[in-house]
Amino acid sequence: MLMGLLALGVVAGKIKTANGTVPLSSRVKIRLMNNRGRRLRFGKVENKKVVIVMTGLSMAMQILNSKSEMSLFLSIGLTPAFGIGQRFGDGPEHELAFESNGDDTREFGYLEFSGYNNVSQNGEGLRNFLNRVWYQREEVFPIDGVPEVRQHAFWVPVDQSYYGLSVKITDLKLGTCVNSSTCLPRSPMVVRVERGVTANVFVDNKAYREFLRSKFNATPIDMESAGVALVCHQLDMPFIAFRSLSDLAGGGSSLSNEASTFASLAAQNAVDSMIKFISLLAS
């Protein structure tokens, strides 16, 4: 349906504001088309043709909604600042960060790692019964490769020319307040990071956050970007991601997760950053 359309593909994981609107829509002249459970928004941003689709959470949804021929894919959304579904120190009776609006759920149970600790007869701690988790590469079949001959990808690079261009939006002034009484403790800023990681879990655990940082030198973690990146890598298409930090994964208050408070602000800041970047492409 979208084959041959020269436009920017904007894939948004979770960018609705508190009142349920998509903040980008009010700033774009668009026409709508519903297709297979998705709403496609066709229009222009800074004189650049765009096709916007909000996919929801998880890598699978990003992959399903990114298989179109565009000139460039931009992934936008929210992410913890490095940063499992439960807060550090919380129990199963505590509500998850996005549970109230239907994103997170405790319906299917949880795994409590401390329940698998092994103790010797003299009381000394031994290795956990859960043993190890081995991180694996993804199998890809590039469009210019040999059919059915797999390649592997663990890190997927963003387009270097667009990454270089993104330095020009680091001085962008971002929103600070959700409303007149709820503001960030300091002004947010646009920064470029060397590495980010994606997983189908909402990471909100201080120890795991610190492990991922030390192991992979990653700053943000999200649930979507790698899905878009893998599609673009396979199709040899340029890709860049804009993520707005919604919380410190496991490092904030023990009473609640910051994401539920600042999600709408983070969504707007992600959109503002992307629009500024698109304006540089238009010029």
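Just so we're clear, the structure is a prediction, and the values are computed from it rather than from any experiment. (Residues numbered from 1 in each chain as written. Predicted model: local features only at pLDDT ≥ 70, side-chain atom pairs only at ≥ 80, totals over all residues. Heavy atoms only, no water.)

## As for the overall build of the protein
Phase 1 of the analysis: Looking only at helices and strands, the protein has 5 helices and 12 strands in total.
Phase 2 of the analysis: The buried share among the 283 residues of the protein stands at 40%.
Phase 3 of the analysis: Of the accessible surface of the protein, which amounts to about 16400 Å², a share of 51% is contributed by carbon and sulfur atoms. (Helix = DSSP H or I, 4+ residues; strand = E, 2+ residues; numbered from the N terminus. Buried < 20%, exposed > 50% of the residue type's maximum accessible area, 1.4 Å probe, protein only. Areas by Shrake-Rupley, 256 points an atom, 1.4 Å probe, with all protein chains shown as cover.)

## Comments concerning the state of the cysteines
Phase 1 of the analysis: For the coordinates displayed, the defined rule picks out 1 disulfide.
Phase 2 of the analysis: The partner cysteine of C177 in its disulfide is C183, sulfur to sulfur 1.9 Å. For the disulfide bridge between C177 and C183, the dihedral angle about the S-S bond is near 100 degrees, and by the sign convention the bridge is right-handed.
Phase 3 of the analysis: With a relative accessible area of 37%, C177 lands in the partly exposed category.
Phase 4 of the analysis: Taking the relative accessible area as the measure of exposure, C183 reaches 33% and is therefore partly exposed. (Disulfide = S-S within 2.5 Å.)

## Let's talk about the nonpolar core
Phase 1 of the analysis: Counting 17 residues, the largest nonpolar core has I169, F242 and F277 as its most contacted members.
Phase 2 of the analysis: Where this core is concerned, the elements lending two or more residues are β4 (48-54), α2 (160-165), β12 (239-248) and α5 (259-282).
Phase 3 of the analysis: Tallying contributions element by element places α5 first for this core, with 7 residues.
Phase 4 of the analysis: Among the nonpolar cores identified, the runner-up in size contains 7 residues, and V197, L212, F216 and I221 belong to it. (Core = buried A, V, L, I, M, F, W, Y, C linked by side-chain atoms within 4.5 Å.)

## A few points about helix α3 (residues 206-216)
Phase 1 of the analysis: Taken together, the buried positions of α3 are R209, L212 and F216. The arc that holds every buried residue of α3, seen down its axis, measures 70 degrees, which confines them to one face. Away from its buried face by more than 90 degrees, α3 exposes S214 and K215.
Phase 2 of the analysis: Downstream of α3 by one or two residues, N217 has phi in the positive range, about 55 degrees. (Arc of directions from axis to C-beta.)

## A short note on helix α4 (residues 225-235)
Helical geometry note: an α-helix holds 3.6 residues per turn, so side chains three or four residues apart project in the same direction.
Phase 1 of the analysis: The set of residues buried in α4 consists of S225, G227, V228, A229, L230, V231 and C232.
Phase 2 of the analysis: At the C-terminal side of α4, D236 shows a positive phi close to 55 degrees.

## Brief notes about the confidence of the model for the protein
Phase 1 of the analysis: Looking at the protein as a whole, its pLDDT mean stands at 75, while 71% of the residues score no less than 70.
Phase 2 of the analysis: Across the protein, the element-wise mean pLDDT spans from 53 in helix α1 (residues 59-64) up to 93 in α2.
Phase 3 of the analysis: Of the regions scoring below 50 in pLDDT, residues 1-6 engages in 15 contacts with residues more than four places distant in sequence or in other chains. (pLDDT = per-residue confidence, 0-100. Contact = heavy atoms within 4.5 Å.)

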